[in-house]
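Geometric and topological summary
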Amino acid sequence: MKEHIKSLVMAISASFLGVCIILFPEQSFEASFRGIQLWIEVVFPSLLPFFIVAELLMAFGVVKFIGVLLEPMMRPLFNVPGTGGVVLGMGLASGYPAGTKITSQLRKENAISKTEGERLISFTNASNPLFIFGAVSIGFFQNAKVGLLLAVSHYLGCILVGLCMRFYKKNERSSGNPEKNTKKEGLLIKRAWKELHTHRLEHKQTLGHVLGRAVTSAIQTLCMIGGFIVLFSVLNRILYHTGVTVQLADLLNSILYPFENLTQFTLPIISSIFEVTIGSQLITQTEHTTILAQLIVVSGVLAFNGLSIHAQIASIVAETDLRFAPYFFARFLHILFATSLTYILYKPLYINRFSESTNELPVIQSEPSPSWISQFYEYFIQLGPIFTTLTLIMFCIYMIFKVKKMPSR
């Protein structure tokens, strides 16, 4: 019975989406174009280098090397092997879903246990620094100074989530993890080098093969991510035009009625549940609210990630035995930590450092002159489409030659 209901719900949802696209073709096209533009300008060029480097680090055994070195730190703090340090660093630096991508690869290689993998994906997926400092602080708030507050609250919140998730199935231990089976005798650096060398000998491959596999895997993952971005961008627009978003906002209004300051954000919050970028922009456009309130809500939105990111995470972990539920639960922990830190750090990281008076700053405060962050973001946006287009062209040429070289049956 349960499976029948599930099949019915999925069929109705797909049919509803198809009918709405036919009824609202112009709005669907605009939303689709906006999603593709976001993918081409920001997502693809910012994530591709990290994905390729991560594949190379794992192929050449560098992850094993770093894992042995970081084992004494990562195990007591987060109850994960030292390789989790690589996942954490790459995940926070490149943005979601890089942490899940690397974690799933480590799980496929049996370098981490199922429980350790679920712990890792819960706190190693974060918003891209370029998105926080560029799109949100400069593009939406028109104030580069809020970037530091949002970034510190967001990334420190990830660390706190990791410290909490270390207790998730804490009695379970990893099986078959080389780092924990390594003998403790000898220098740490020597043991780390031995792990790297052993891994390279066991997985000896030509440089061309490794590079080709790394680029192919990275681009295929990014194409999947682009599809989810477009899908949820269209879904968000359709739900708004069909009135579903407004109905959900009214329901949320009744729940948040005791918190009068939050009722202004109900519609943006509903939008951000599906897509972070649109929701963040709507939050910064709310009227009769303080910048502190806007920053707290945006911080919560960034911590939740949005269903578009959730779908990307679920798609990646579906290739492994990792469960999606721990990641989803950890999002609420991240919301709690990130919003609390934004409130606590608002005065020391924003008011005290950048305001000449103790009065409340205006909601939108333009920069007197372009900052280096603003200039870098504009430069990145200009070069992003060129980089994406050239990369896709080279990828297509590579795949054509690869198909031609395949022996015919």
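Residues numbered from 1 in each chain as written. Predicted model: local features only at pLDDT ≥ 70, side-chain atom pairs only at ≥ 80, totals over all residues. Heavy atoms only, no water.

The name an unreviewed UniProt entry gives the protein chain is Sporulation integral membrane protein YlbJ, with Allobacillus saliphilus as the organism.

**A look at the overall build of the protein chain**
Here is the rule: Strands are runs of DSSP state E lasting at least two residues, helices are runs of H or I lasting at least four, and both sets are numbered from the N terminus onward. Here's how the labels work: a residue is buried when its accessible area is under 20% of the maximum for its type, exposed when over 50%, partly exposed in between, all with a 1.4 Å probe on protein chains only. A contact between two residues is defined here by any heavy atoms of the two lying within 4.5 Å. Areas reported as accessible are Shrake-Rupley estimates using a 1.4 Å probe. Residue values count occlusion only from the protein chains shown.
Within the protein chain, the regular secondary structure consists of 18 helices and 0 strands. Here the protein chain, with 409 residues, has 51% of them falling under the buried criterion. Pairs at least 24 residues apart make up 79% of the contacts formed inside the protein chain by residues separated by at least 6 positions. For the protein chain, the accessible area works out to roughly 20500 Å², and carbon and sulfur atoms hold 67% of it.

**Looking at the pattern of salt bridges**
The following threshold applies: Put simply, a salt bridge is a Lys or Arg side-chain nitrogen that is within 4 Å of an Asp or Glu carboxyl oxygen.
Applying the stated criterion to the full structure yields 7 salt bridges. Between Glu-319 and Lys-108 there is a salt bridge; the shortest N-O distance is 2.8 Å. Taken together, the residues Glu-319 in the loop between α16 (307-317) and α17 (325-354) and Lys-108 in helix α5 (residues 98-108) connect sequence positions 211 residues apart. For Glu-319, a relative accessible area of 56% gives the class exposed. Salt bridges sharing common partners tie together Glu-71, Arg-75 and Glu-116.

**Details of the packing of aromatic side chains**
Heads up, the condition is: Only Phe, Tyr and Trp rings are paired, with Trp represented by its six-membered ring, and only when their centres lie within 6.5 Å; those with planes under 30 degrees apart are stacked, over 60 edge-to-face, the remainder tilted. By the criterion adopted, a ring carries a charge over it if an Arg CZ or a Lys NZ lies within 6 Å of its centre and within 35 degrees of its normal.
Applying the stated criterion across every chain yields a total of 9 aromatic pairs. Seen in terms of ring centroids, Phe-78 and Phe-123 are 4.9 Å apart; in terms of plane orientation they differ by 20°. Their pairing is stacked. Of this pair, Phe-78 sits in helix α3 (residues 62-78) while Phe-123 sits in helix α6 (residues 114-123), and the two are 45 residues apart along the sequence. Looking at Phe-78, the relative accessible area reads 5%, which means it is buried. Between the NZ or CZ atom of Arg-166 and the centre of the ring of Phe-167, over which it lies, the distance is 5.2 Å.

**Here's the deal with the side chain of Thr-388**
The cut-off we apply is this: Whenever two N or O atoms come within 3.5 Å, that pair is a polar contact, provided that in protein one can donate a hydrogen and the other can accept it, and provided that, for residues adjacent in sequence, both atoms are side-chain atoms.
Following the sequence through the fold, Thr-388 ends up in helix α18 (residues 372-405). According to the relative accessible area criterion, Thr-388 is buried, its value standing at 1%. Looking at Thr-388, its side chain comes within polar contact range of the main-chain oxygen of Ile-40, at 2.8 Å. In contact with Thr-388, not counting residues within four places along its chain, are Trp-39, Ile-40, Phe-44 and Pro-45.

**Observations concerning the side chain of Thr-103**
With respect to the helices and strands, Thr-103 occurs in helix α5. A polar contact is formed between the side chain of Thr-103 and the backbone oxygen of Gly-99, at a distance of 2.6 Å. When neighbours within four sequence positions are excluded, Thr-103 is seen to be in contact with Val-87, Ile-112, Gly-117, Leu-120, Ile-121, Thr-124 and Leu-322.

**Considering the confidence of the model for the protein chain**
Basically, it comes down to this: Every residue is assigned a pLDDT by the predictor, reflecting its confidence on a scale from 0 to 100.
Summarising the model, the protein chain shows a mean pLDDT of 82, and 88% of its residues fall at 70 or more. Taking the mean pLDDT of every element in the protein chain, the minimum, 45, falls on helix α9 (residues 178-181) and the maximum, 93, on helix α8 (residues 146-165). Segment residues 175-183: pLDDT under 50, and 24 contacts once partners within four positions in sequence are set aside and those in other chains are kept. Here residues 357-369 scores under 50 on pLDDT; set against residues more than four positions off or in separate chains, the count is 27 contacts.

**Some remarks on the packing of α8 against helix α15 (residues 291-304)**
We count it as follows: Here an axis means a line fitted to C-alpha atoms, over the contact stretch when the element is a helix, while the angle between two N-to-C directions is reported on a 0 to 180 degree scale. Roughly parallel refers to an angle under 35 degrees, roughly antiparallel to one over 145, roughly perpendicular to one between 65 and 115, and oblique to any angle outside these ranges. Left-handed describes a crossing whose near helix is turned anticlockwise from the far helix by less than a right angle; the clockwise case is right-handed. Following the grouping adopted for this structure description, the nonpolar residues are Ala, Val, Leu, Ile, Met, Phe, Trp, Tyr, Cys and Pro, the charged ones are Asp, Glu, Lys and Arg, and the polar ones are all others, Gly among them.
Here α8 crosses α15 at 40°, and the two axes come no closer than 10 Å. On the basis of the axis angle, α8 is oblique to α15. Between α8 and α15 the crossing geometry is right-handed. The segment α8 lies against α15, with Val-146, Leu-149, Leu-150, Ser-153 and His-154 engaging Ile-291, Leu-295, Val-298, Ser-299, Leu-302 and Ala-303. In the contact of α8 with α15, the residues fall into 8 nonpolar, 3 polar and no charged.

**Structural notes on a nonpolar patch on the surface**
Our working rule: The residues that make up patches have over 30% relative accessible area and no salt bridge, and they are joined within 9 Å when like-charged or within 5 Å when they are Val, Leu, Ile, Met, Phe, Trp or Tyr.
Together, Tyr-379, Leu-383, Ile-386, Leu-390, Ile-393, Met-394, Ile-397 and Phe-401 make up an exposed nonpolar region whose accessible area comes to about 820 Å². On the secondary structure map, Phe-401 appears in helix α18.

**Observations regarding helix α10 (residues 188-202)**
This is how it is decided: Helices are assigned an expected span. That span is 1.5 Å times one less than the residue count. What the arc covers is the set of directions going from the helix axis to the C-beta atoms.
For α10, built from 15 residues, the straight-helix expectation of 21 Å at 1.5 Å per residue is met to within 8% by its first-to-last C-alpha distance of 21 Å. All of the buried residues along α10 are Arg-191, Ala-192, Glu-195, Leu-196 and His-199. Taken end-on, α10 shows its buried residues confined to a sector of 140°, consistent with a single buried face. Opposite its buried face, α10 presents the exposed residues Lys-190, Trp-193 and Lys-194, each directed more than 90 degrees away.

**Focus on the environment of Val-152**
By the secondary structure assignment, Val-152 is in helix α8. The class for Val-152 is partly exposed, based on a relative accessible area of 28%. Between the alpha carbons of Val-152 and Leu-349 there is a distance of 9.1 Å; along the sequence they are 197 residues apart. Setting aside anything within four residues of it in sequence, one finds Val-152 in contact with Gly-157, Leu-345 and Leu-349.

**Overview of the state of the cysteines**
Worth spelling out the cut-off: Counting rule for disulfides: a pair of cysteine sulfur atoms within 2.5 Å.
All chains considered together, the criterion is met by 0 disulfides. With no disulfide of its own, Cys-223 lies 8.5 Å from the sulfur of Cys-396, the closest cysteine sulfur. Since its relative accessible area comes to 38%, Cys-223 is described here as partly exposed.

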